[in-house]
Amino acid sequence: GGWVGIHDDVTAQRTQAKLVEEKAAELELANARFDAALTNMSSGLAMFDADRKLIVWNERYEAMYEIPPGLLYQGLSIYDIVDHSVARNKKNFDIGKFVDGFLSELNQTGEHLSVNHLADGRIISITMSAIAGGVEARIGEFEFGRLLLDEFRLLALGRDVIVGADPAAARD
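Residues numbered from 1 in each chain as written. Predicted model: local features only at pLDDT ≥ 70, side-chain atom pairs only at ≥ 80, totals over all residues. Heavy atoms only, no water.

> So, the environment of Ile95: which residues are in play, and what are the values?
By the secondary structure assignment, Ile95 is in helix α4 (residues 95-109). Assessed through its relative accessible area of 16%, Ile95 is described here as buried. Measuring from C-alpha to C-alpha, the distance between Ile95 and Asp83 comes to 6.5 Å, with 12 residues separating the pair along the chain. The contacts of Ile95, once residues within four sequence positions are left out, are Tyr79, Val82, Asp83 and Val86. (Helix = DSSP H or I, 4+ residues; strand = E, 2+ residues; numbered from the N terminus. Buried < 20%, exposed > 50% of the residue type's maximum accessible area, 1.4 Å probe, protein only. Contact = heavy atoms within 4.5 Å.)

Shown next as structure tokens:
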């Protein structure tokens, strides 16, 4: 009637488990801060991965383009988003050519700036920046003075600014 005892030093495992718990708490806090920033920013924001698929957006982005709830989802193509905006604003141009044009500019310069005049009279300024692994788009509605600054920036970059014109035509 004896017995055998096996003893293991689990200090390293417990230390590792505690570290994982701490990192999880830090990640949860960072996610809460990120969510608060997205929710409370005045600009619309959309981020796309390297394949130009939507990965993050905020409610302001949806509101600016009057995107119905549920239309956006992770993995949605930037082409499909532009297609919705074009249809909503009753514009008629080659979506593929338009998107390929600003993506080409993004690849060459790291940034794309445009001013979009919507059918309902609102004016939207769009700044896209290349980021690691994708694209960040910042969208804002601006007052007239700020709009002029953005349009002057476009002119300084050698880009045409044509109010109400086909955006693809301005690129040709």
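> Now, about the pairing of strand β3 (residues 111-117): what can you tell me, with residues and values included?
Most of β3 sits out of view: six of its seven residues are buried. As defined by bridge partners, β3 adjoins strand β4 (residues 123-131) across seven bridges and the pair is classed as antiparallel. Each residue of the ladder has a partner; that of Glu111, found in β4, is Ser129. Here β3 hands over to β4 after five residues, with Gly121 in that stretch at a positive phi of 95 degrees. (Pairing = 2+ DSSP bridges.)

> Account for the nonpolar core, with residues named and values stated.
Phe48, Tyr61, Tyr65, Val99, Met128 and Ile139 are the most contacted members of the largest nonpolar core, which totals 27 residues. When residues of this core are assigned to their parent elements, the largest contribution, six residues, is made by α4. Apart from the residues within four sequence positions on either side, Phe48 is in contact with Lys53, Leu54, Ile55, Tyr61, Ile78, Ile81, Gly133, Gly134, Val135 and Ala137. (Core = buried A, V, L, I, M, F, W, Y, C linked by side-chain atoms within 4.5 Å.)

> An account of helix α3 (residues 78-88) is needed here, citing residue identities and associated values.
Here α3 has its buried residues at Ile78, Ile81, Val82, His84, Ser85 and Val86. Where α3 is buried, its residues contact β1 (44-49), β2 (54-57), α2 (59-64), α4 and β4. In this structure Ser77 caps α3, since a side-chain oxygen of it lies 3.0 Å from the backbone nitrogen of Tyr79. After α3 finishes, the residue Lys90 shows a positive phi value of roughly 50 degrees. (Polar contact = N/O pair within 3.5 Å; in protein donor to acceptor, adjacent residues only side chain to side chain.)

> Run through the pattern of salt bridges, naming residues and quoting values.
A full pass over the atoms with the stated rule returns two salt bridges. Put simply, Glu22 and Lys18 hold a salt bridge, and the shortest N to O gap is 4.0 Å. Of this pair, Glu22 and Lys18 both sit in helix α1 (residues 11-40), four residues apart, which is roughly one turn of that helix. For Glu22, a relative accessible area of 39% translates into the label partly exposed. Using a relative accessible area of 52% as the deciding quantity, one classes Lys18 as exposed. Among the ionic pairs, Glu26 bridges to Lys23, the shortest N-O distance being 3.6 Å. (Salt bridge = Lys/Arg side-chain N within 4 Å of Asp/Glu carboxyl O.)

> Could you give an account of the environment of Ile123, naming the residues involved and the relevant values?
Along the polypeptide, Ile123 turns up in strand β4. For Ile123, a relative accessible area of 22% corresponds to the partly exposed category. Sequence-wise, Ile123 and Met64 are 59 residues apart; in three dimensions their C-alpha atoms are separated by 9.9 Å.

> Give a description of the packing of α3 against α4 that names residues and reports values.
For the pair α3 and α4, the least separation of the axes is 10 Å and the interaxial angle reads 120 degrees. With respect to each other, α3 and α4 are oriented oblique. Of the two elements, α3 crosses α4, and the hand of that crossing is right-handed. For the pair α3 and α4, contact is made by Ile78, Tyr79, Val82, Asp83 and Val86 and by Ile95, Gly96, Phe98, Val99, Asp100, Phe102 and Leu103, respectively. Taken together, the residues of the contact of α3 with α4 sort by class into nine nonpolar, one polar and two charged. (Axes fitted to C-alpha atoms, helices over the stretch in contact; angles between N-to-C directions. Parallel < 35°, antiparallel > 145°, perpendicular 65-115°, else oblique. Left-handed = near helix turned anticlockwise from the far one by under 90°. Nonpolar A, V, L, I, M, F, W, Y, C, P; charged D, E, K, R; others polar.)

All we've got here are geometric facts, nothing functional implied.
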